[in-house]
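Each chain, written out:
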Amino acid sequence: MDQRLLRRERIGRQAEIDACYRQGVRLVGKILRFHVRRSDRAFARMAISVPRRFVRKAVERNRWKRLLREAFRRNKAAIGPGLDIVAVPMRPPGDLKRADVESAMLSLLSRKP
RNA sequence: GACGGAGGUCGAGGCGAUCGCUCGUUGGAGCGGCCUUCGGGUCGCGAAGACGGGAGGAAAGUCCGGGCUCCACAGGGCAGGAUGGUUCCUAACGGGAACCCGGCGCAAGUCGAGGGAAAGUGCCACAGAGAACAUACCGCCGAUGGCUCGCCCGCGAGGGCGGGAUCAGGCAAGGGUGAAAAGGUGCGGUAAGAGCGCACCGGGCGGGCCGUGAGGCUCGCCGCAUGGUAAACCCCAUCCGGAGAAAGACCAAAUAGGUCCCGUCCCCGUGGCCGGAAGGCCGCGGCGAAGGCCGGCCCGGUCACGCGUUCCGAACAGGAACGGGGCGGGAUGGGUAGGUCGUUGGAGGCGACUCGCGAGGGUCGUCCCAGAUUGAUGAUCGCCGCCCCGCGAGGGGCACAGAACCCGGCUUACCGGCCUCCGCCGAGC
RNA sequence: GCCCCCAUCGUCUAGAGGCCUAGGACACGGGUUUUUCACAUCCGCAACACGGGUUCGAAUCCCGUUGGGGGCA
């Protein structure tokens, strides 16, 4: 399985991210939340937005982005095509491991496949 | 050996495996533009693969200084801000080096916004007698001139001696207050005292020598009142135009609108209302230290200017030309979305030699060392190392922290490791 | 990325070098009043964000940290 993460699998425009916030379904978990919106693309796309409000230090914000990007990269087959996802962590990463983020992501996204 | 001081340096702890991200070089599957004699030529983009690079000493805070870019600018001044021992380093600095002075420390060292208070103004609460042209509460003295008491001398006027601390008066040493009390200590001196006199220290003025200088040393003179505060206003000297990569340059859709050209021949071209357009002045508001700038289409008011037909014809009939509007087509300037550049090769790193006490400078050689754009530099696992907890099996931890145009500093955060030099104490030789 | 501003009891605030051991209001705790509650009244608790410096003396002046708020496409 191709586990690479292509540039086209990121959401790059502020307008598209805003569309996910406005029109997307909100899936809220303990440590993060997702805004998911259907698209007609043949693949899933993701953007990550770490609010400074919850995660103060730049190092920790980078940590969150890396963990989420890895989780998406390894599990995009399970998530399935045609989704635009905006991930928003809601607390500092602390000692979260990749497995923790992956399980949280899959359980939340399984609610609205 | 113990304690302490100064400085430098390294820092995802090391090695490996698997899965990824990003940039460059190479590579060329393919895609597009232009030209074409349809064979192709040429320019640009560019997938797979290969090779190479990929966070910091603080990348941080944004506290200073520069480069760079745009705007403004004849020159000067005002306003405002910053700095403040001296000499030097530097592109520059509020940074650094060496030195001077002062405080602290036995010392190595360390700390200091360290110009001016006999230019001016202000302030110095409380306490205290008195606080800036000083003062006299307690106290000391009462020499001098009185008063009074006793004794003595004298016939007497009066005189002498001693006492009282009573009046005039003298004093500023001691006590006490305070952050600060108008030089300090000692001796002499005196009624008691006092730079009143003297010695030393301190201070002021002048000279000499040394030093580029801050300043140091020294000689002479003056017994010597000139408090503190300028991180209070201020004065002096020096420096500073404004904004910042969201700077700025370029390319540039769709839609609407501007300008120009062609066509159509659909409408209009008398006056008024309505309307259009651009300029001056005044006012209002905002910003700026000011000059000044700005006002979304459309800031308000006012004034002035100015455009909105002529010809043929008897004609307000009809027609022509010209102008305007609409419609259709074409060209084109500006600008928005979006994109590209700016953007990493630089006051650059390393090494050698060399000048300088040093900060640093010079010459030569050598290297290319992050460039993302919802923002890369990672994730997972194994072995080893170090630290902590535990008798043990074992468990936990390995800082502070993430580039965004680039440099030079400062400041702040931080697990620790390594190196160099120095002081002091103790012991041995 | 850049540029501004602010910080005083639990909350809102006064303060401009000495009158500050920091004042007021609300809140909180206790008492009085009332059959009880409320109102009223008396008493109490409680703060200068932190670290240096200037000054005889700092909430106030200066420097540096920390925390919070706002603006710019």
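Details of the structure are given in the entry above.
Just so it is clear, the model here is predicted, and its values are computed rather than measured.

About the cut-offs
- Residues numbered from 1 in each chain as written.
- Chains lettered and ligands numbered in written order.
- Predicted model: local features only at pLDDT ≥ 70, side-chain atom pairs only at ≥ 80, totals over all residues.
- Heavy atoms only, no water.
- Bend = angle between axes of the 7 residues up to and from the residue.
- Helix = DSSP H or I, 4+ residues; strand = E, 2+ residues; numbered from the N terminus.
- Buried < 20%, exposed > 50% of the residue type's maximum accessible area, 1.4 Å probe, protein only.
- Contact = heavy atoms within 4.5 Å.
- Pairing = 2+ DSSP bridges.
- Near = heavy atom within 4 Å.
- Polar contact = N/O pair within 3.5 Å; in protein donor to acceptor, adjacent residues only side chain to side chain.
- Nonpolar A, V, L, I, M, F, W, Y, C, P; charged D, E, K, R; others polar.

A.B. asks: Tell me about helix α2 (residues 58-79), and please be specific about residues and values.
C.D. replies: Its maximal kink placed at R73, α2 deviates by approximately 45°. Among all positions in α2, only R61, W64, L67, L68, A71, F72, N75, K76 and I79 are buried. On its buried side, α2 packs onto β2 (32-38), β3 (45-48), β4 (83-89) and α3 (98-109). Where α2 terminates, the next one or two residues include G80, which has phi positive at roughly 95°.

A.B. asks: Talk me through the environment of L32; I want residue IDs and the actual numbers.
C.D. replies: Along the polypeptide, L32 turns up in strand β2. Assessed through its relative accessible area of 1%, L32 is described here as buried. The spatial distance from the C-alpha of L32 to the C-alpha of P89 is 4.0 Å, given a sequence separation of 57 residues. Setting aside its immediate chain neighbours within four residues, L32 contacts L27, L68, V88, P89, M90, A104 and L108.

A.B. asks: I'd like a description of the pairing of β3, backed by residues and values.
C.D. replies: Relative to β4, β3 runs parallel, the two being bridged by four bridges. Within β4, the position partnered with A47 by the bridge is V86.

A.B. asks: How would you explain the protein's contact with RNA strand B if you had to name every residue and give the values?
C.D. replies: Around RNA strand B sit 21 residues, and of these R7, Q14, N62, R63 and R98 come closest. The contact atoms of RNA strand B, taken as those within 4 Å of the protein, divide so that sugar and phosphate hold 75%. Interatomic distance of 3.4 Å between a side-chain N/O atom of N62 and a base nitrogen of RNA strand B. Taken together, the elements giving at least two residues each to the surface near RNA strand B come down to α1 (14-23) and α2. Broken down by element, the residue count for the surface near RNA strand B peaks at eight residues, all from α2. Across the surface near RNA strand B, the residue classes tally to five nonpolar, four polar and 12 charged.

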